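Next come the chains, spelled out residue by residue.
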Amino acid sequence: MAKIERTKNATRNITFGMILKAYQMVVPFLMRTAMIYLMGVQYLGLNSLFTSILQVLNLAELGVGSAMVFSMYKPIAEDDEAQICALMKLYRLFYRVIGLIIAVVGGCLTPFIPQLIKNDLPGELNVYILYLLNLGATVLSYWLFSYKNSILQAHQRVDVISKVTLVTSTVQYALQIFVLWFFRNYYYFVIVLLFTQVMTNVITAYYANKLYPRFKPKGTVESDTVRIIINQIRDLFTSKLGAVIYDSADAIVISSFLGLTSLAVYQNYFFVMGAISGLMSVIFHACRAGIGNSVAIETKEKNFHDLNRFSFIICWMATFCSACLLCLYQPFMELWVGKDLMLDLFAVVCFVTYFFVKQIDSMLNLYKDAAGIWHEDRFRPLISAGVNLLLNLIMVQFIGLYGVILSTVLSMVFIGVPWLLHNLFTVVFEKKYLKGYLKKLGGYCLYAVVVSCLTLTICSKIAYAPIQSILYRGIICCILPNLLFLLAYRKKCEYKETLQLVDKMTEGKIRIVLDYLGMNSCG
């Protein structure tokens, strides 16, 4: 079997992924700002609603992408060209059918779209036309060469997709800001989205053909293999449905019960949290193929050892990001949208808790997807998301926006994560390791709470104008959480192994610095 160069590819994917995500934090932020001040907050809420509706329609994808990429790990490791080509042909067929299903179902839903908006839709807009334009962009994303992404993802060349997205996103945002500034026309804004979706798919397909010219959609997949893939897709449906409920139901519930303005306020906070989660997701996405390759050819002990190291890295990063969010959310929102569009500290705590738990959940889901244990995990996402939706509908009527955020946190903490851990340590890892892992994970969570609270206590003493407050708090947040985490874990072996990994990724540069500081130790 051939091993993918996991560290090299992950480093490259993380580098370009981080550049893309940083870009996608700054420019969409400018876009949201322009829409708020040039068009009005209701337009921002409407844009978020359409995004959420289309995420629901994407249920038709049924997890085909994950199943197909997973099915390619083994033939790529064995350099089985015929099987890879046959899988690409099957993937193309699946996505053509998916695009047709979304077009038909989405068209049937058109008459009901106004019912999802409470009462504050801008009067001059035709919601049907706008919805159909958004639907068209989604359908084209499946029909135009989307199957080409699979060969790049399975070979761990997500950096190529990141570069293409960087270019096409630049064109999209430039044109959208142009039409907002000069025309104040939301229809033109959506048409640009449709155009750039086509451009993204075509350019990605070009580079996939250039890098892997020998892989063409041809041949036939054996019936047994097709049956296995279909079973995987069926099992992935519940994961897909669960993710959609988590990501989209909140927005739809808020729009239906509280209106577009409340949705826009919620989405402003969610946008900031989502931007930081996006940076974290680069690491997950970049490592997926490498972990899949490792699960396929390494022992359970080796994979569990890697999980321990990965958990340490993710929890350190999540602790740092949580402390930053907790301390910088409010001064940033005051500077950005003003006090009238701000929530209180309790909402911030809920968002930060959601962020931290989501990183752990994403890390565990990464191993689940890499190992392909969707059948064993098929009921968990659906039940967890169903509880979330039920709590949403109940709590939004009593405590409004806060009930929506809290319901998501509660369903993840008490159902989603514990159940996922059970499944992983029943199938992927030895069950005897679970108790020790839970102890470590609990320690990371407890330390995250202590570090974040201590950082907030110190930052709360700073009372300046928003810009100065962000600057001073930012300096404290960059130093204090990382220093406390370093002091607590510098003698642990996870710390040393993390340094070794980073040293390998930076070609020895980090070791020189840490040897000089006397921090390269293990106890």
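See above for the structure.
Because the structure is a prediction, the values reported are computed rather than measured. (Residues numbered from 1 in each chain as written. Predicted model: local features only at pLDDT ≥ 70, side-chain atom pairs only at ≥ 80, totals over all residues. Heavy atoms only, no water.)

Chemist: I'm lost on the nonpolar core in this one. Help?
Modeler: Side chains of a nonpolar character, in soluble globular proteins, are inclined to be buried together. In this structure, Y186 and Y329 are the most contacted members of the largest nonpolar core, which totals 142 residues. The leading source of residues in this core is helix α12 (residues 345-371), at 16 residues. What Y329 contacts, discounting residues up to four positions off in sequence, is Y269, V272, M273, C324, V348, F351 and V352. (Core = buried A, V, L, I, M, F, W, Y, C linked by side-chain atoms within 4.5 Å. Buried < 20%, exposed > 50% of the residue type's maximum accessible area, 1.4 Å probe, protein only. Helix = DSSP H or I, 4+ residues; strand = E, 2+ residues; numbered from the N terminus. Contact = heavy atoms within 4.5 Å.)

Chemist: What is the right way to read the packing of helix α5 (residues 127-143) against helix α8 (residues 186-211) from this model?
Modeler: The description of two helices packed together rests on the angle between their axes and the distance between the axes. One can describe the packing of α5 onto α8 by two numbers: an axis separation of 9 Å at closest approach and a directional angle of 5°. Considering the angle they form, α5 stands roughly parallel to α8. Residues I129, L130, L133, N134, G136, A137, L140 and S141 of α5 pack against Y186, Y187, V190, I191, L193, L194, Q197, V198 and N201 of α8. Of the residues belonging to the contact of α5 with α8, the class tally is twelve nonpolar, five polar and no charged. (Axes fitted to C-alpha atoms, helices over the stretch in contact; angles between N-to-C directions. Parallel < 35°, antiparallel > 145°, perpendicular 65-115°, else oblique. Nonpolar A, V, L, I, M, F, W, Y, C, P; charged D, E, K, R; others polar.)

Chemist: Looking at this structure, I do not really get helix α15 (residues 434-459). What am I missing?
Modeler: The α-helix advances 3.6 residues per turn, and as a result positions three or four apart in sequence lie on the same side. Here α15 contains 26 residues, and its C-alpha end-to-end distance of 37 Å stays within 8% of the 38 Å for a straight helix at 1.5 Å per residue. Those residues of α15 that sit buried are L434, Y437, L441, Y444, A448, V451, S452, T455 and C459. (Expected span 1.5 Å × (residues − 1).)

Chemist: Would you explain the side chain of D361 in this entry?
Modeler: Tracing the backbone shows D361 in helix α12. The side chain of D361 is buried and forms no salt bridge, while R380, the nearest opposite charge, is found at 4.3 Å. Dropping the residues within four chain positions of it, D361 is found in contact with R380, M412, V417 and L420. (Lys, Arg positive; Asp, Glu negative; His and termini not counted. Salt bridge = Lys/Arg side-chain N within 4 Å of Asp/Glu carboxyl O.)

Chemist: What is the right way to look at the environment of D159 in this model?
Modeler: Along the chain, D159 turns up in helix α7 (residues 158-183). The spacing of D159 and T15 is 144 residues in sequence and 8.0 Å in space, taken between C-alpha atoms.

Chemist: Could you clarify how one ought to interpret the side chain of N388 in this entry?
Modeler: Along the chain, N388 falls in helix α13 (residues 380-399). Owing to a relative accessible area of 0%, N388 belongs among the buried residues under this scheme. The residues touching N388, leaving out its near neighbours within four places in the chain, are I245, Y246, D250, S407, T408 and S411.

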